[in-house]
Amino acid sequence: QVQLVESGGGLVQAGGSLRLSCAASGSILSINDMGWYRQAPGKQRELVAAITSGGSTNYADSVKGRFTISRDDAKRTVYLQMNSLKSEDTAVYYCNAAIKRLRGVTYDYWGQGTQVTVSS
């Protein structure tokens, strides 16, 4: 079994910072692409940031220059550093990972979601 466990969400004032973490556990051969998505009430889930196994990153235009995605393969963890937070960043944030299992097949996994609320 593979699980992605998220932490770091909470309530913060506009202009503040939070760091989200997502740790993978279980029978894992390797972790390929990882990313963070978010979903605000009444809106579709959208990609916030992604990082490949080689370290290449991409960001939604709305968070460029404010958010940074990183990964620590030794800890099997992906992070999202969120600075200069705005009220429009309020959403449930989900981590995602493409994980190759010991049997050699890659599957897509999702974390349970963590609430980020930015007060104006």
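To keep things clear, this report deals only with the structure shown in the data block. (Residues numbered from 1 in each chain as written. Predicted model: local features only at pLDDT ≥ 70, side-chain atom pairs only at ≥ 80, totals over all residues. Heavy atoms only, no water.)

Points about the sheet that holds strand β8 (residues 77-82)
Logical step 1: If you walk across this open sheet you meet the four strands as β1-β3-β8-β7, and the pairing is antiparallel. With partners counted over all chains shown, the strands left at the sheet margins are β1 (2-7) and β7 (67-72), one partner each. The sheet shows a mean angle of 15° between the axes of neighbouring strands, taken without regard to direction. (Pairing = 2+ DSSP bridges. Helix = DSSP H or I, 4+ residues; strand = E, 2+ residues; numbered from the N terminus. Axes fitted to C-alpha atoms, helices over the stretch in contact; angles between N-to-C directions.)

Things to note about the state of the cysteines
When the sulfur atoms of two cysteines share a covalent bond, that bond is a disulfide.
Logical step 1: Per the stated rule, a full pass over the model turns up one disulfide.
Logical step 2: Linked covalently through their sulfurs, cysteine 22 and cysteine 95 form a disulfide whose S-S length is 1.9 Å. In this structure the cystine formed by cysteine 22 and cysteine 95 twists about its S-S bond by roughly 40°; its chirality is therefore right-handed. Of this pair, cysteine 22 sits in strand β3 (residues 18-26) while cysteine 95 is found in strand β9 (residues 91-100), placing the two residues 73 residues apart along the sequence.
Logical step 3: By relative accessible area, cysteine 22 is classed as buried at 0%. (Disulfide = S-S within 2.5 Å. Buried < 20%, exposed > 50% of the residue type's maximum accessible area, 1.4 Å probe, protein only.)

Quick word on the environment of isoleucine 69
Logical step 1: Topologically, isoleucine 69 is positioned in strand β7.
Logical step 2: Distance from isoleucine 69 to serine 21, taken between C-alpha atoms, is 10.0 Å for residues 48 residues apart in sequence.

Keep in mind these numbers describe shape, not what the thing actually does.
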